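Spelled out, the chains give:
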Amino acid sequence: MPETTDITLSAHHLTRRYGNALAVADLDLELKRGEVLGLLGPNGAGKSTTMQMLTGNLAPSSGSVRICDIDLLERPKLAKAKIGYLPETPPLYRELTVDEFLTFCGRLHRVPRDELPQAVKQTKARCGLNDMGRRLIAHLSKGYQQRVGIAQAILHRPDVVILDEPTVGLDPNQIREIRALIRELGGSHSVILSTHILPEVEAICDRVQIMHRGKIVFADSIDGLRRTRQMESLVVGFMRPPTLEALTAIPGVKDAQAMVNNLIRVVCHPDANPAEAITRTAAENNWGLTQLSPERTSLEDVFAQLTRQEDVA
Amino acid sequence: MIAVIAWKEFRSLFASPLAWVILAIMQVILAWVFLYQLSGYMDNLPRIQQLANPPGITEIVSSAVFGFAAILLLMAVPLLTMRLFSEERRNQTLTLLLSAPISNLEIVLGKFVGLMLFLALALGLVLLMSASLALGGPIDWGLIGANSLGLLLLLGAFAALGLFISSLTQHAVIAAFASFGALLLLWILNGMTQDPNHPLVYLSLMKHFEGFNRGLIDTADVAYLLLFAATFLILTMRQLDAKRLQG
């Protein structure tokens, strides 16, 4: 397959209304090959609606979706062949066995007949379903059902895999396994993943977009996020606190703010780490340094900030 | 692709006891009708033979069995169609089909064909029962053929209507009862008027089956039943699309 572009999925100005309520507003999204994108947001932010639109289950009120440069709305059959989708509730036919179900899915996605048994076998191995082939889906535990759901989404080797809250309801071990699987998927497919579990995003995604009330309120790479949150500020405490001006005079320090309990927040210049300088100056001036710790803005802080500010307003 | 979905539907039907129960109960009731008609024919044989133009055994036994089968299936088909879309929507498995690279036409026809395979099986049992009369003497194959064709077309109409109503609601029981009500109403529509040329009579499903039941294949009846099925299949497709547009 000639790869004309590295962008596997792009959505522009995606909007969806339910009556007067705006579920998703003017959303832009782009996904490169081999990338894992985390879509974060509080419940009801429009994540699932977005995913339904990206997979052609729901028609957008306006906007466009292109999968590997094929317009989803104009040529749905071609575009859908390149998507694997795991909705919030895994779409499983409980009366079928795992093998029967996966074979049915393979046929639906036009996996060639002679390759199908091999594809089913490989996918089962990838999802840890090796011994489950002949079990009825109805008899599987929730964790295994979830895996069958994921298996169904990747069986036909789609370019884009869209997973809506893939780790919900799993035990911690299963969560780790599923995360490892998603990470591995990111190598060969592009993955969009929605969740409201923040560490999950940090653990497996390359990029994160936070949605709130149908809008993207934050978009950055995980690395970028890490950079911004590392050493942005320090929290220091002294037995005999100096004036704030004295602290600001230390090289690398941009600003100093008094906090509760005699603690002081020291905002650093970007790319500077004044920790050592502060320790030295404190010792020289006998300030009695008691505490010095980096103040991290965690993804949780970013998330809370972005998704709460509007509620207050 | 239609065959893939049809085959899956057909197998899923047999995974639940419902299909077996329906087939079994139908068979018991029809066998009773069959034997009742047969013994009635045997008992009255001397008198029947004195008539100027005596009815044959096929006419008395098979036509009754087919007529009864039509009414039984009118009750059974809604139970079979109710799950096709309602349950899929309720269990949210419809997403699997909607996300796959297949058109709504293929989804609807797949489900329809799958159900028709099952109904053809039920029809086969009725047919075999009538054919068993051939063990005792010559029978009117033409009459049985007309009845079979009529019943098959009628079942297509039942199934299409049931499928459409199933696509309207998430509740299987509502779908079943609504389909049953609609079919029954269409069945008895001709009873509402005495005038045989009234448009209501023309709409009645029973009226269009009666000809087949007497051994008469009328193209108007064939066309009516085919159009009836096609109309509701198209409406089902539109309904699926409407869900995509409206959510």
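Worth saying up front: this structure is predicted, and the values here are computed from it rather than measured.

1. Digging into the interface of chain B and chain A
Across the contact, 25 residues belong to chain B and 28 residues belong to chain A. Summing both sides of the interface, chain B and chain A together bury roughly 2,400 Å²; the carbon and sulfur share of this comes to 62%. When residues of chain B are sorted by the area they lose upon contact with chain A, Leu96(B), Pro101(B) and Arg244(B) head the list and together hold 29% of the total. Between chain B and chain A we count three salt bridges in total. Close ionic contact of Arg110(A) with Glu106(B) constitutes a salt bridge, the shortest N to O distance being 3.7 Å. Linking chain B with chain A are 10 residue pairs in polar contact (both at pLDDT 80 or more), by the criterion used here. Put simply, the parts of the chain that give the side of chain B that touches chain A at least two residues each are α1 (2–15), α5 (94–99) and α11 (219–246) of chain B. By residue number, the principal contributor to the side of chain B that touches chain A is α1(B), which donates six residues. Partitioned by chemical class, the residues of the side of chain B that touches chain A number 11 nonpolar, eight polar and six charged.

2. Here we look at the domain arrangement of chain A
On domain assignment, one finds that chain A holds domain 1 (7–227) and domain 2 (231–295). Relative to domain 2 of chain A, the C-alpha centre of domain 1 of chain A lies at a distance of 46 Å.

3. Here's the deal with helix α6 (residues 172–188) of chain A
All names here are of chain A. For α6, which comprises 17 residues, the first-to-last C-alpha distance of 25 Å matches the rise-based estimate of 24 Å (1.5 Å per residue) to within 8%. Those residues of α6 that fall on the buried side of the exposure criterion are Gln174, Ile175, Ile178, Arg179, Leu181, Ile182, Leu185 and Gly186. When α6 is viewed along its axis, its buried side chains cluster within an angular range of 160° and face the same direction. For α6, the exposed residues lying more than 90 degrees away from the buried face are Pro172, Asn173, Arg176 and Gly187. Where the residues of α6 are buried, they touch β3 (36–40), α4 (116–126), α5 (142–154), β7 (160–164), β8 (190–195) and α7 (198–204). The backbone nitrogen of asparagine 173 has a side-chain oxygen 3.0 Å away, supplied by the residue at the start of α6, namely aspartate 171.

Thresholds applied
Residues numbered from 1 in each chain as written. Chains lettered and ligands numbered in written order. Predicted model: local features only at pLDDT ≥ 70, side-chain atom pairs only at ≥ 80, totals over all residues. Heavy atoms only, no water. Contact = heavy atoms within 4.5 Å. Buried area = accessible area lost by both parts, 1.4 Å probe. Salt bridge = Lys/Arg side-chain N within 4 Å of Asp/Glu carboxyl O. Polar contact = N/O pair within 3.5 Å; in protein donor to acceptor, adjacent residues only side chain to side chain. Helix = DSSP H or I, 4+ residues; strand = E, 2+ residues; numbered from the N terminus. Nonpolar A, V, L, I, M, F, W, Y, C, P; charged D, E, K, R; others polar. Domains from an automatic or database assignment. Expected span 1.5 Å × (residues − 1). Buried < 20%, exposed > 50% of the residue type's maximum accessible area, 1.4 Å probe, protein only. Arc of directions from axis to C-beta.

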